[in-house]
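A closer look at the structure
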Amino acid sequence: MKSHAKVVVVGGGAVGAAIMYRLTCHGCDDVVMLERSKLTSGSTWHAAGLLVTFVRSIRISKMMHESIDIFTEVEEKLGTSVGLRKVGQLRVANTTERMDEFLSYKGVADAAGISCKILTPEEVQKKHPLLNPNENIQGGIFVPGDGYINPSDITMGMSQLARQAGAKVYQDTEAQSYEQLPGGGWKVVTNQGEITCDHLVFATGNYARENARRVGLELPCIPIVHQYWTTEPVPELVERRKQGLREYPILRDEDYGAYLREDVGGIQFGPYEFEKDLKLFAVDGVPKDFGMDLLPEDFEAVETQWEKALERVPTLGEVGLKSNTRGPFQMTPDELPLCGPAPGLENLWIAEGMPGGIMWSGTIGERLARWIMNGDPGMDMSEIDVRRFGNFVTKRWTAEKVRQTWGTHMEAHIPGEDRPNARPQKTAPSYDLLTSKGAVWTVMNGWEFPRWFAPSPELAIPEHSFRQTEHMKYVTEEVKAVREAAGLLELSPMTKTIVRGPGAAAWLDTILANKLPSIGRVGLSVACNVNGGVEAEYTVVRDGENEFYLVSSPTAEVKNWDMLNKALPDDGSVSLEDVTHSTGILALAGPKARDILQPLTDNDLSNGAFPWLTSQWGEVGFANRVRLIRVSYNGELGWELHHPLVYNRHLTDLLIKQGEQHGMRLFGVEALESMRLEKSYRAIWRELRPDISALEAGLDRFVKLEKGDFVGRDALQKQKTEGLERKLVMLKLPYCYSSVIADEAVYHDGAVVGHVTAGGFSYYFEHDLAFALVPLHLAEVGNRFEVKISNELREAVVIEESPHDPVSARARA
């Protein structure tokens with residue numbers, strides 16, 4: 001075995017093979033794969049190999065399509081088949097909710113460049129004649145580029161091409177321990193000796209959690225046990241093959257909770273277990289004697305799915321079942337992979353938790369190869385970044401969420417839905433009080449976060465739909481109160497970090513694109529990557545010459561902490577302190593905010609004594625060491641009260657009682673989202689993304705190119721000099737039965753020219769608003785577009801930014 005390599009990949013399944021192969025495609029011939037047994041011996045060899053692009057996200061859909069493109073390329077390079085069959089996939093809707101999901105996805109697919117078609121019930125039947133006619137069928141969606149592949153063949157094919165390019169594969173070589181070396185490299189101890197490397201990649205499949213624990217990481221993934229059956233040959237399908245006719249598409253129908261696809265003249269039946277029937281595997285480690293093994297058949301776990309499938313596809317009952325394949329594969333709490341740089345560790349890369357490793361392997365290989373070789377994955381990976389999960393992850397929490405996620409796999413999925421398992425986990429002291437006031441909760445980074453408020457706890461029933469909901473009337477009242485009187489929002493889940501030390505100011509100035517605020521002032525700034533894309537957003541409060549308080553999104557806790565720590569100077573001149581879990585935040589905003597707060601504090605809240613975008617320390621009620629920041633994310637006069645968390649319950653109760661006489665209401669994140677759109681405030685992971693530059697996002701006033709060097713400055717300077725090709729605009733759209741959400745295609749003169757980053761119903765203006773990324777030459781106010789919403793082209797017009805109070809006179813009042 002070699003003693004050193006530039007990259008060592010641990011794991012010889014499809015994902016590891018793809019990473020190795022794509023690294024060689026990007027010029028790295030010094031890559032080694034370590035496989036404890038034989039190639040494909042893990043989940044790969046017994047996988048079904050389905051290839052699916054149907055996900056309501058531009059980025060995920062593009063990734064899935066990229067995998068299929070890479071597999072096509074592999075076949076072409078090898079000159080032989082790897083079992084790739086682009087037979088298409090047909091999904092059937094039997095409910096309005098499911099059909100709404102299909103209609104909503106169509107706009108996303110158009111934006112992602114994925115070919116798909118919405119079908120009528122008659123077209124569904126024609127597309128797949130084996131499906132029994134049913135009056136409940138409302139329609140379907142057909143994706144012609146989907147299909148399946150032979151898992152072992154594609155893994156071996158990618159490995160072969162990688163080895164031809166210089167990569168080395170060592171089978172029967174178990175990685176037993178890891179050691180970070182001075183300078184950032186790694187030493188891997190195996191049963192065949194030691195090897196050092198510059199970059200280490202984990203792609204260990206079912207061993208993900210126990211392997212990651214060797215380096216101190218707790219990954220939120222646990223293998224589940226899944227199975228499929230293959231029938232004896234079906235005469236009709238055998239005859240079609242003899243005639244050279246095309247295979248029927250893969251068929252998915254929520255009524256029977258499974259997929260059906262042809263398999264050498266038979267039918268493969270792949271059911272999705274309900275939560276109560278789902279079995280987990282290797283929760284405390286993979287058994288030592290487990291290798292290329294299958295688990296015993298468990299027909300009882302999916303008997304209901306089989307009986308319903310027989311009703312919908314009677315052909316299944318005309319032949320016998322030939323074989324069962326049942327084995328484990330990894331699952332994560334949100335059914336998305338864990339990919340990217342490992343938090344807290346240099347040059348360690350994660351490619352784990354693959355719910356469908358065959359499907360994900362090609363694109364994970366491509367993106368990680370770019371990330372390792374170029375320092376940039378080439379697209380926004382936020383949705384699958386391993387750092388998206390906070391430090392709240394535990395084994396029991398992961399198990400609960402995995403059960404829930406897989407158990408609801410075949411249900412319609414609506415953006416913003418809230419599943420109940422493993423909740424509540426993290427709560428502010430105000431939680432019970434706000435629950436008694438009618439709070440309906442959502443989750444951010446493990447924290448319970450108020451979504452909206454019902455008039456009473458009895459009416460606080462979560463509801464989600466692509467269509468108008470009953471609770472919109474309550475959100476309307478919340479927005480009205482904030483705009484006309486005042487509103488109170490629990491914001492304790494926000495991430496909070498203190499930066500201090502003799503080198504703090506100089507260092508932070510190289511991280512942030514905006515100038516640092518003066519002492520006592522507040523500024524908004526973004527941290528960019530080398531391409532000028534936005535990696536993080538901070539509210540920056542300067543407490544001293546070299547002391548700063550940074551506030552960022554709850555969901556950015558681990559990623560931001562990891563990026564800041566890895567960028568720290570080596571001389572110890574800067575230190576970071578995470579105060580997220582010791583500091584609460586309450587946001588009070590509205591025209592009467594000053595009237596409510598002034599009697600509770602000795603701080604002079606007048607405009608002259610406490611200007612907009614400044615910060616002061618003070619007492620509020622019985623709480624001391626409260627940081628009062630005059631800022632709001634809804635465009636109204638307001639203060640955020642950052643306080644020791646022990647005072648959270650007292651301050652919440654105090655402000656509710658004080659605010660009652662002024663018409664104040666509690667409000668949640670749905671009202672906040674509407675109001676931030678009305679102010680054209682950008683949001684991280686939506687308008688602010690790693691593949692959208694700060695200038696494209698319209699943050700010109702927060703980017704100070706003249707202040708000196710900072711990460712991304714050269715790229716942004718080049719964009720400013722050469723001119724942008726695209727830009728974020730604000731669109732006004734009519735409101736119909738459903739609203740714009742995100743990722744929908746934007747059309748101009750019949751062609752897709754951009755996509756929506758975020759949007760929704762404006763409760764103040766009573767129409768839809770959306771941010772959209774469009775070509776610069778089309779970004780002028782008054783230009784007209786069409787946005788595909790629920791498979792309808794709705795007219796949209798570019799409007800001036802900040803339709804509500806464009807000069808922020810209300811916030812400055």
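What comes next concerns the included structure. Along each chain, residues carry numbers from 1 onward, in the same order as the chain's sequence is written. Only residues with pLDDT of at least 70 get local features here, since the model is predicted, and only at 80 or more are side-chain atom pairs given and counted; chain-wide, interface and lining totals rely on the full set of residues. To get the side-chain values, all heavy atoms of the structure are used, and hydrogens and water are removed first.

It is worth spelling out the overall build of the protein chain at this point. In this description a helix means any DSSP run of H or I spanning at least four residues, a strand means any run of E spanning at least two, and both kinds are numbered starting from the N terminus. Secondary structure summary: the protein chain contains 19 helices and 37 strands in total. Taken over the C-alpha trace, the protein chain has a radius of gyration of 27 Å; the compact-globule value for 813 residues is 28 Å, and the two agree within 12%. Oriented by its inertia axes, the alpha-carbon framework of the protein chain measures out at about 85 × 65 × 50 Å. Remark: exposure states derive from per-residue accessible area (1.4 Å probe, protein chains only) relative to the maximum for the residue type, with buried under 20%, exposed over 50%, and partly exposed in between. The buried share of the protein chain, taken over its 813 residues, is 61%. Contacts spanning at least 24 positions in sequence make up 72% of the contacts within the protein chain whose residues lie at least 6 apart. In the form shown here, the protein chain has an accessible surface area of approximately 30,300 Å², with 49% of it arising from carbon and sulfur atoms. Once the 87 positive and 112 negative side-chain charges of the protein chain are each reduced to a mean point, those two points are 2 Å apart. Each radius of gyration is computed over the set of C-alpha atoms, and the globule rule expresses the reference value as 2.2 Å times the number of residues to the power 0.38. Only heavy atoms matter for contacts: two residues are in contact if any of them lie within 4.5 Å across the pair. Each accessible area value is a Shrake-Rupley result obtained with a 1.4 Å probe; residue values ignore everything except the protein chains displayed when judging cover. In this tally Asp and Glu are treated as negative and Lys and Arg as positive; neither His nor the chain ends contributes. For this purpose, a charge sits on NZ of Lys, CZ of Arg, CG of Asp or CD of Glu.

Among the nonpolar cores identified, the biggest contains 86 residues, and Ile19, Trp360, Ile364, Leu368 and Ile384 are the most heavily contacted of them. Ignoring anything within four residues of it in the chain, the contact list for Leu368 reads Ile19, Val201, Cys339, Gly340, Trp349, Ile350 and Ala351. Among buried residues, those of type Ala, Val, Leu, Ile, Met, Phe, Trp, Tyr and Cys that are joined through side-chain atoms within 4.5 Å constitute a nonpolar core.

Moving on, we come to the packing of helix α2 (residues 58–78) against helix α9 (residues 357–374). Between the N-to-C directions of two axes lies an angle of 0 to 180 degrees, each axis being a line fitted to C-alpha atoms and, for a helix, fitted only over the stretch in contact. Interaxial distance between α2 and α9 falls to 7 Å at its minimum, and their mutual angle equals 90°. Relative to α9, the element α2 is oriented roughly perpendicular. Residues Ile60, Met63, Met64, Glu66, Ser67, Ile70 and Phe71 of α2 form the contact with α9, whose participating residues are Ile358, Met359, Trp360, Ser361, Gly362, Thr363, Glu366 and Arg367. Ten residue types, Ala, Val, Leu, Ile, Met, Phe, Trp, Tyr, Cys and Pro, are classed as nonpolar, four, Asp, Glu, Lys and Arg, as charged, and the remainder, Gly among them, as polar. Considering only residue class, the contact of α2 with α9 consists of 8 nonpolar, 4 polar and 3 charged. Roughly parallel means an angle under 35 degrees; roughly antiparallel, over 145; roughly perpendicular, 65 to 115; everything else is oblique.

So, about the environment of His128. With respect to the helices, strands and loops of the structure, His128 is situated in the loop between α4 (121–127) and β6 (139–143). A C-alpha to C-alpha distance of 7.2 Å links His128 and Pro249, two positions 121 residues apart in sequence. Beyond its immediate chain neighbours, meaning those up to four positions away, His128 contacts Leu90, Tyr248, Pro249 and Leu251.

Here we take up the pairing of strand β10 (residues 186–190). Residues Trp186, Val188 and Thr190 line the buried face of β10, whereas the alternating positions Lys187 and Val189 sit on a face that is not buried. Note that strand β9 (residues 175–180) and β10 share 5 bridges and pair antiparallel. Residue pairing across strands places Glu179 opposite Lys187, the latter belonging to β10. Between the end of β9 and the start of β10, which pair antiparallel, lie 5 residues, with Gly183 showing a positive phi angle near 95°. With 5 bridges joining them, β10 and strand β11 (residues 193–202) adopt antiparallel strand pairing. Counterpart to Thr190 in the pairing with β11 is Gly193. DSSP bridges decide pairing: two strands pair if at least two such bridges lie between them.

Pairing of strand β17 (residues 338–341) with strand β18 (residues 348–352) involves 4 bridges; the strand directions are antiparallel. Bridging across to β18, Pro341 finds its partner in Trp349. Connecting β17 to the antiparallel partner β18 that follows it, the hairpin turn spans 6 residues, and Gly344 within it adopts a positive phi of roughly 80°.

Between helix α1 (residues 14–25) and α9, the shortest axis-to-axis distance is 7 Å and the interhelical angle comes to 40°. Handedness of the α1/α9 crossing: right-handed. When α1 is examined against α9, the residues Ala14, Val15, Ala18, Ile19, Arg22 and Leu23 are found in contact with a partner set consisting of Gly357, Ile358, Ser361, Gly362, Ile364, Gly365, Glu366, Leu368, Ala369, Ile372 and Met373. A class-by-class count of the residues in the contact of α1 with α9 yields 11 nonpolar, 4 polar and 2 charged. Crossings are assigned a handedness: left-handed for a near helix turned anticlockwise from the far helix by less than a right angle, right-handed for a clockwise turn.

The next thing to look at is the sheet that holds strand β36 (residues 784–789). The antiparallel closed barrel is built from 6 strands, whose spatial order is β32-β35-β34-β33-β36-β37. Recorded for the sheet is a direction-independent mean angle of 40° between the axes of neighbouring strands. Bridge analysis of β36 against strand β37 (residues 792–799) gives 6 bridges, and the strand direction is antiparallel. Bridging from a neighbouring strand, Lys788 pairs with Leu793 of β37. With respect to the sheet, helix α3 (residues 96–112) is in contact with β33 (745–748), β34 (751–762) and β36, its orientation differing from that of β33 by roughly 70°. Of the strands in this sheet, β32 (726–733), β34 and β35 (767–775) touch helix α17 (residues 669–678), which is tilted by about 125° from β34.

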